[in-house]
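Here are the chains, one letter per residue:
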Amino acid sequence: MKRAAEDAPPEDACAETTEAAPEAKKAKLEAKPYTRPASASDDVLFILETMNPGGHRPRVVLKERFGDFVVREVTEVGHVTRVTNLDVPAGLLPLDDSAAGLPSDLKERAALGRAQLVSAGVAETAADELLASLNRSSGLPEGTEVVLTVAGGDDSKQKRTEVHGIVKRYFPKVTSVTVDGAIHARKPDQRAVHQLKKAAEWPKGTGPFVHFTLYKENLETAQALKSLAAKVGAQGTAFSIAGTKDKRAITCQRVSAFKVAPSRLSQLNASGFGRDAVVKLGDFTLEPEGLRLGMLGGNRFSIVLRDTPGDEASVAAAKRVLSAVGETGFVNYFGHQRFGSTAEPTFKVAVLLMRNEIKEAVSLLFRSKAEVVPEFQAAADSWSEAPENPQKAWQLCPHFCHIEKGCLQALMRDPKSYALAFDALPRNTRMLYFHALQAVVWNEMATVRIRLSRAILPGDLVLADAPAKRGSLPAVLVVTESDIAEGKYTLADVVLPLPGVDRELAFPGIPGVDREACAAILDKYSSGALLDGSAASVGVVNFKTLNLYGGYRSLVKRPGNLTWCFVKYDDNEQDLQQTEWSRAESRLLKPGEEGVHIAGCDELPQCHGQGDKTALQVSFTLPPSCYATMFLREIATVDVRSK
């Protein structure tokens, strides 16, 4: 099945920092000073046009506080996701409640378990040995087995049952069995853990997937899921989502977990997830299927733009622009997030690979990583200065930079085999670079088309009403003069092709955005083979493996259910939006208590609150793969590159 060309790119694999090794510390001190440059400019990404070029666009402040940017996932059936209940419904799944009331920290729980084992008569030496087997630094090999000897030789079934119960309750990663009347306990190796999970008991006739709402503040989606998996002792692959959400924001989305008891998940509401981060889980259900990327209807945004001009004329002008954008829509560019957060956009890696300049591509990959993760700078410098000695760079590479470590490991096998280093990248990461290449070509074509006319033209493409077959391109129609005369379509119906290897991919019959024009743009990036159709690969780039199929993307998008109001305030530290979770009160707010929040104000007129400063609060819904920042640039002047 073809992957949708507009799927959200995977998040960066590097999401947490830990104490570096002494050698890495020393090298970092000697490394070049770290300065993070701005990301790629609008000119480089061809984000150049708006639908209302003469409109009022005041300079404003975006994301002064992460509570200024609220994103709620919209399900495929149109439900806007929010947390309404943190408790597990009674009788949902009476499974694995053995850990109720215990600390979520596994070390604390194990310490309590040791005391319980000793209290039950297990020899202290055996209990201590069990604790040591769980500690990686103990030097004991993985899977070390411990015999839990009961003092006094009591090997009755009742006593064994008691000890097995303690192990299950306090040591979730340990299995225990009775062999010839003795209790053997051990932490299985990873393969055994996988087999145990596959064989885990789950009520028959019950959906194996637990769906729940994930509410998070100031946390990457990938890091939130990684933390959830670690806290419940599950594989990271047990959790899946329909789409990633912003870090510096408050977000709500549905998550599915394979055979993870909701009671275990609910207990995490009392856990910490890092400084300034909040995570809450709720609204648990059981479903027969898990979530997959793209299984959403869109996102509902609620955004505060601070330092908006508050004089009467400016407010009136802003209202006119908002009304115009609500009617005409905005140019549906791929936003800066698509191209990474470094000075060199990610599509340049793809260009180098298409030119078969693989060493330069690997070098750019390392330099870009060092821009956003200073801890990687020493490793990047080491490889740049001595590429024939990748082992030193590997030793300096922080352990949490998994992708780069994999590349360096491949180079350690053969320092000159840069193709091996590229192949060592996860497939999703390789796809990211080439989807960025497709996106920048689409952006340039969109700019050309908007400059031709902000009205529909003969030769434009629109999607046909017929539903597309699964895994196939949707059917398109060519707009005719009679279609325009009849008012059959508007610019919001127009689509532009996303270049790919599909031979049936159609192009507009308009000079400047036709197939020849697209081929000329691709040639600038040494990527004309994408439209050739005769080659399955170029060098190390296999088109089908990387899902470089074509598609269609709307030229213009109208924001759904657009609303706005102006808010007066004094303090930049003041929260101007309230969501369902109140930090101040540590409780879940009732519906109606959330929304635009001004102390002492219960209603939401178009301008309310008190203070010398003005903010614009705007709410709207966008379909998947549309960027809120591209809507915002139609109504305000804001640097969206680092947002």
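Here is what the cut-offs are and how they apply
In this numbering scheme, every chain counts its residues from 1 along its sequence in written order. Confidence filtering applies because this is a predicted model: local features only for residues at pLDDT of at least 70, side-chain atom pairs given and counted only at 80 or more, and all residues used for totals across whole chains, interfaces and linings. Water and hydrogen atoms were dropped before computing side-chain values, which therefore reflect all heavy atoms in the structure. Secondary structure is summarised from DSSP: a helix means a run of H or I of at least four residues, a strand means a run of E of at least two, and numbering begins at the N terminus for each. Three exposure classes are used, based on accessible area relative to the maximum for each residue type with a 1.4 Å probe and protein chains only: buried under 20%, partly exposed in between, and exposed over 50%. Residues count as neighbours in contact if any of their non-hydrogen atoms are within 4.5 Å of one another. Note that accessible areas follow from Shrake-Rupley with a 1.4 Å probe, and for residues the cover is restricted to the protein chains shown. The convention used is that axes are lines fitted to C-alpha atoms, helices contributing only their stretch in contact, and that angles between N-to-C directions extend from 0 to 180 degrees. Angles below 35 degrees are treated as roughly parallel, those above 145 as roughly antiparallel, those between 65 and 115 as roughly perpendicular, and all remaining angles as oblique. With the far helix as reference, a near helix turned anticlockwise by less than a right angle produces a left-handed crossing, and one turned clockwise produces a right-handed crossing. For this classification, the nonpolar set comprises Ala, Val, Leu, Ile, Met, Phe, Trp, Tyr, Cys and Pro, the charged set comprises Asp, Glu, Lys and Arg, and every other residue, Gly included, is treated as polar. Here a Phe, Tyr or Trp ring, Trp counted by its six-membered ring, pairs with any other such ring whose centre lies within 6.5 Å, and the pair is stacked when the planes are under 30 degrees apart, edge-to-face when over 60, and tilted otherwise. By definition, being over a ring means that NZ of Lys or CZ of Arg is both within 6 Å of the ring centre and within 35 degrees of the ring normal. pLDDT is a residue-level measure of predictor confidence that goes from 0 to 100. By this definition, two strands are paired if DSSP reports at least two bridges between them. What counts as a salt bridge is simple: a side-chain nitrogen of Lys or Arg found within 4 Å of a carboxyl oxygen of Asp or Glu. Note on terminology: a nonpolar core comprises buried Ala, Val, Leu, Ile, Met, Phe, Trp, Tyr and Cys residues joined through side-chain atoms within 4.5 Å.

Engineer: Before we move on, could you go through the overall build of the protein chain and cite the residues and values that matter?
Structural biologist: Along the backbone of the protein chain there are 20 helices and 25 strands. Buried residues in the protein chain amount to 49% of all 643 residues. Pairs at least 24 apart in sequence give 77% of the contacts found in the protein chain among residues at least 6 apart. Roughly 29700 Å² of accessible area belongs to the protein chain as shown, and the carbon and sulfur atoms make up 50% of that amount.

Engineer: So what about the packing of helix H3 (residues 106-119) against helix H4 (residues 124-133)? Which residues, and what values?
Structural biologist: Direction vectors running N to C along H3 and H4 enclose 160 degrees, while the axes themselves pass 9 Å from each other. Between H3 and H4, the angle is such that the two are roughly antiparallel. Handedness of the crossing formed by H3 with H4: right-handed. Only Glu124, Ala127, Asp128, Leu130 and Leu131 of H4 make contact with H3, whose side of the interface consists of Ala110, Arg114, Leu117 and Val118. Class assignment of the residues belonging to the contact of H3 with H4 gives a composition of six nonpolar, no polar and three charged.

Engineer: Describe the packing of aromatic side chains, with residues and values.
Structural biologist: Tallied over the entire structure, the rule returns 13 aromatic pairs. Measuring from ring centre to ring centre gives 5.4 Å for Phe301 and Phe620, while their planes differ by 25 degrees; the resulting arrangement is stacked. Here Phe620 lies in strand S25 (residues 613-622) and Phe301 lies in strand S10 (residues 298-306), a separation of 319 residues in the sequence. For the pair shown, Phe301 and Phe620 are each scored as buried. Here the aromatic rings of Phe366 and Trp383 are separated by 5.3 Å at their centres, their planes lie at 90 degrees, and the arrangement is edge-to-face. Of this pair, Phe366 sits in helix H11 (residues 358-372) while Trp383 sits in helix H12 (residues 377-385), and the two are 17 residues apart along the sequence. Of the two residues, Phe366 and Trp383, both sit in the buried class. Put simply, the rings of Phe69, Phe301, Phe330, Phe620 and Phe631 pair up and form one aromatic cluster. Across from the ring centre of Phe334, 3.8 Å away, lies the NZ or CZ of Arg553, which sits over that ring.

Engineer: Can you tell me about the packing of H11 against helix H14 (residues 402-413), naming the residues and giving the values?
Structural biologist: For any two helices packed against each other, the geometry is given by the interaxial angle and the distance between the axes. Where H11 contacts H14, the axes come no closer than 11 Å and their chain directions differ by 145 degrees. Crossing hand, H11 versus H14: left-handed. Between H11 and H14, the residues in contact are Leu365, Phe366 and Lys369 and Glu404, Cys407 and Leu408, respectively. Taken together, the residues of the contact of H11 with H14 break down into four nonpolar, no polar and two charged.

Engineer: Run through the confidence of the model for the protein chain, naming residues and quoting values.
Structural biologist: Mean pLDDT over the protein chain works out to 82, with 83% of the residues at or above the 70 mark. When mean pLDDT is compared element by element in the protein chain, strand S18 (residues 556-557) scores highest at 97, while helix H1 (residues 22-30) scores lowest at 37. Here residues 1-36 scores under 50 on pLDDT; set against residues more than four positions off or in separate chains, the count is 73 contacts. Here residues 597-605 is a poorly scored stretch, pLDDT under 50, and it has 14 contacts once near neighbours within four places are set aside; other chains count.

Engineer: Before we move on, can you summarise the sheet that holds strand S13 (residues 476-478) with the specific residues and values?
Structural biologist: Spatially, the four strands line up as an open sheet ordered S13-S12-S14-S17, and their pairing is antiparallel. At either end of the open sheet lies a strand with only one pairing partner, and these are S13 and strand S17 (551-554). Each adjacent strand pair in this sheet contributes to an overall mean axis angle of 55 degrees, direction not counted. The sheet contact formed by strand S14 (residues 494-498) and S17 spans four bridges and is antiparallel. Directly across from Leu498, in S17, lies its bridge partner Gly551. Helix H16 (residues 427-452) contacts S14 and S17 of the sheet and is inclined by roughly 145 degrees relative to S14.

Engineer: Which residues make up the pattern of salt bridges, and what values do they have?
Structural biologist: Scanning all chains against the criterion turns up 17 salt bridges. Here Glu404 ties to Lys369 by a salt bridge, and the two come within 3.9 Å at their closest N and O atoms. In this pair, Glu404 sits in helix H14 while Lys369 sits in helix H11, placing the two residues 35 residues apart along the sequence. A relative accessible area of 4% places Lys369 in the buried class. One connected set of salt bridges, linked through shared partners, spans Glu49, Arg451 and Arg454.

Engineer: Summarise the environment of His164; cite the residues concerned and give the values.
Structural biologist: If you trace the backbone, His164 turns up in helix H5 (residues 157-170). Separated by 12 residues in the primary sequence, His164 and Ser176 place their C-alpha atoms 6.4 Å from one another. If sequence neighbours within four positions are ignored, His164 has contacts with Ser176, Val177, Thr178 and Ile183.

Engineer: Mind laying out the nonpolar core, listing which residues take part and the relevant values?
Structural biologist: Counting 116 residues, the largest nonpolar core has Ile303, Phe434 and Ile635 as the members making the most contacts within it. If you tally residues by element for this core, the top one is H16, at 13 residues. With sequence-adjacent residues up to four places away left out, Phe434 is seen in contact with Ala350, Leu353, Met354, Phe422, Val541, Leu546 and Leu548. The next biggest cluster of nonpolar side chains, apart from the first, holds 23 residues, and it includes Ala224, Ala229, Val232 and Val255.

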